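Analysis of the macromolecular model
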Amino acid sequence: SAPLYIVPTPIGNLQDITQRALTVLNEVHWIAAEDTRHSQKLLQHFSIQAKTLSLHDHNEEKRTEMLCKKLQAGESVALISDAGTPLISDPGFVLVRACRAQNIDVIALPGPCAAITALSASGLSTDRFIFEGFLPVKTQARKTILETLLDRSCTSVFYEAPRRIVDTVTDIKETLGDDRQLVLAKELTKTFERYICDTPDGVLAWLRADPVHQKGEFVLMVSGAPRQTDALPADAMALLKRLKQDLP
Ligand code: SAM
């Protein structure tokens with residue numbers, strides 16, 4: 001069988017396409033794109049002629065069957081999404097899982113990803129982090145996820161839509177308080193790229209200062225819970241609890 005290539009595409013700056021991505025996109029039989037019309041612009045810009053077909057959240061099961069048949073028949077496929085790395089808050093998981101199950105080679109190219117780009121410049125701890133993708137739309141479900149950050153010591157990384165960014169930062173403030181450090185990475189790799197590094201209150205004030213501040217694309221990062229250095233070790237706490245029970 002031919003391989004499936006996972007090909008990241010730029011998240012705002014066309015110069016971020018890699019040489020290898022261009023080579024692969026030029027050589028494959030098929031390009032499976034999330035939105036073929038959107039991707040046509042990128043492909044035209046780089047004069048890539050491969051045939052495209054759509055693979056999005058609503059047809060992924062059906063398309064997977066068809067694409068696996070093509071791959072088994074020796075026709076190579078590159079998977080791209082609208083921007084960044086496919087499968088990272090984007091379609092492709094069903095296809096890759098099916099390829100693995102059928103022993104079809106899957107070759108991923110390294111390339112642009114908003115989460116990693118934002119994290120690397122955030123100034124927050126990068127040795128351990130959790131990527132949460134998009135938070136649920138409903139407030140209660142969102143707060144339930146945010147509560148899991150209360151005793152999480154590593155950095156958390158979220159994607160957020162412009163229409164929800166104010167609500168999400170408000171929920172973070174209500175759930176975690178105001179002593180966490182937030183970093184809002186906006187319009188990465190584009191002309192108006194910005195990083196806002198502040199407490200939830202400070203970030204909210206910045207977002208509300210100008211309606212333009214709420215437009216565009218955002219990665220939101222939250223620092224880990226501060227370490228409680230003055231807390232006793234768990235076994236000492238258990239002993240203390242037992243002693244207390246015996247006290248009059
Ligand atoms: N697969 C993509 C990746 O690798 O980054 C992410 C796709 S997801 C559907 C789109 C979200 O990624 C946006 O809502 C935003 O949170 C984030 N994003 C994408 N491009 C961005 C950019 N240039 N600046 C900031 N965030 C971006």
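Residues numbered from 1 in each chain as written. Predicted model: local features only at pLDDT ≥ 70, side-chain atom pairs only at ≥ 80, totals over all residues.

As for the overall build of the chain
The helix and strand inventory of the chain stands at nine helices and ten strands. In the chain, which comprises 248 residues, the proportion classed as buried is 29%. Put simply, of all contacts in the chain between residues at least 6 apart along the chain, 74% involve residues at least 24 apart. (Helix = DSSP H or I, 4+ residues; strand = E, 2+ residues; numbered from the N terminus. Buried ≥ 20, exposed ≤ 12 C-beta atoms within 10 Å, placed from the backbone. Contact = placed C-beta atoms within 7 Å.)

What to know about the environment of threonine 9
Locating threonine 9 in the fold gives a position in the loop between β1 (4–6) and α1 (19–27). Threonine 9 sits in the buried class, given 24 other C-beta atoms within 10 Å. For the pair threonine 9 and valine 137, spaced 128 residues apart in sequence, the C-alpha separation works out to 27 Å.

Side note on the sheet that holds strand β10 (residues 218–222)
As summarised here, the arrangement of the five strands in space is β6-β7-β10-β8-β9, forming an open sheet in which the pairing is mixed. At either end of the open sheet lies a strand with only one pairing partner, and these are β6 (129–134) and β9 (194–198). In this sheet, neighbouring strand axes are inclined to one another by 15° on average, regardless of whether the strands run parallel or antiparallel. Note: strand β8 (residues 182–186) against β10, five bridges, orientation antiparallel. In the strand pairing of β10, leucine 182 is matched with valine 222. Taken strand by strand, helix α8 (residues 200–209) contacts β8 and β9, and its axis lies near 140° from that of β9. (Pairing = 2+ DSSP bridges. Axes fitted to C-alpha atoms, helices over the stretch in contact; angles between N-to-C directions.)

Let's talk about the site of the ligand
Residues in contact with the ligand amount to 23 residues; listed here are only the nearest, Gly84, Ala114, Tyr159, Leu188 and Glu217. Listing elements by their share of the shell around the ligand, those giving two or more residues are α5 (114–122), β7 (155–160) and β10. Grouping the constituent residues of the shell around the ligand by class yields twelve nonpolar, six polar and five charged. (Near = placed C-beta within 6 Å. Nonpolar A, V, L, I, M, F, W, Y, C, P; charged D, E, K, R; others polar.)

Here we look at the sheet that holds strand β4 (residues 77–80)
Taken in spatial order, the five strands make up an open sheet running β3-β2-β4-β1-β5, and their pairing is parallel. Of all the strands in the sheet, the pair left with one neighbour each is β3 (51–54) and β5 (106–108). Geometrically, the sheet is characterised by an average inter-axis angle of 25° between neighbouring strands, direction not taken into account. Sheet analysis places strand β2 (residues 30–33) next to β4, joined by four bridges and oriented parallel. Within β4, the residue paired with tryptophan 30 across the bridge is valine 77. Contacts from helix α3 (residues 60–72) reach β1, β2 and β4, with the element oriented near 145° to β4. Strands in contact with helix α4 (residues 93–101) are β1, β4 and β5; relative to β5, the strand with the most contacts, it is inclined by about 135°.

Focus on unusual backbone geometry
Not every positive phi belongs to a glycine, and leucine 87 is a case in point at roughly 80°. Of note, leucine 87 is situated in the loop between β4 and α4. The residue glutamate 187 is not glycine, and still its phi comes out positive at about 55°. Residue placement: glutamate 187 occurs in the loop between β8 and β9.

Some thoughts on the confidence of the model for the chain
With 99% of its residues at a pLDDT of at least 70, the chain reaches an overall mean of 95. At the level of chain-chain contacts, confidence expressed as ipTM amounts to 0.99, with global pTM at 0.92. (pLDDT = per-residue confidence, 0-100.)

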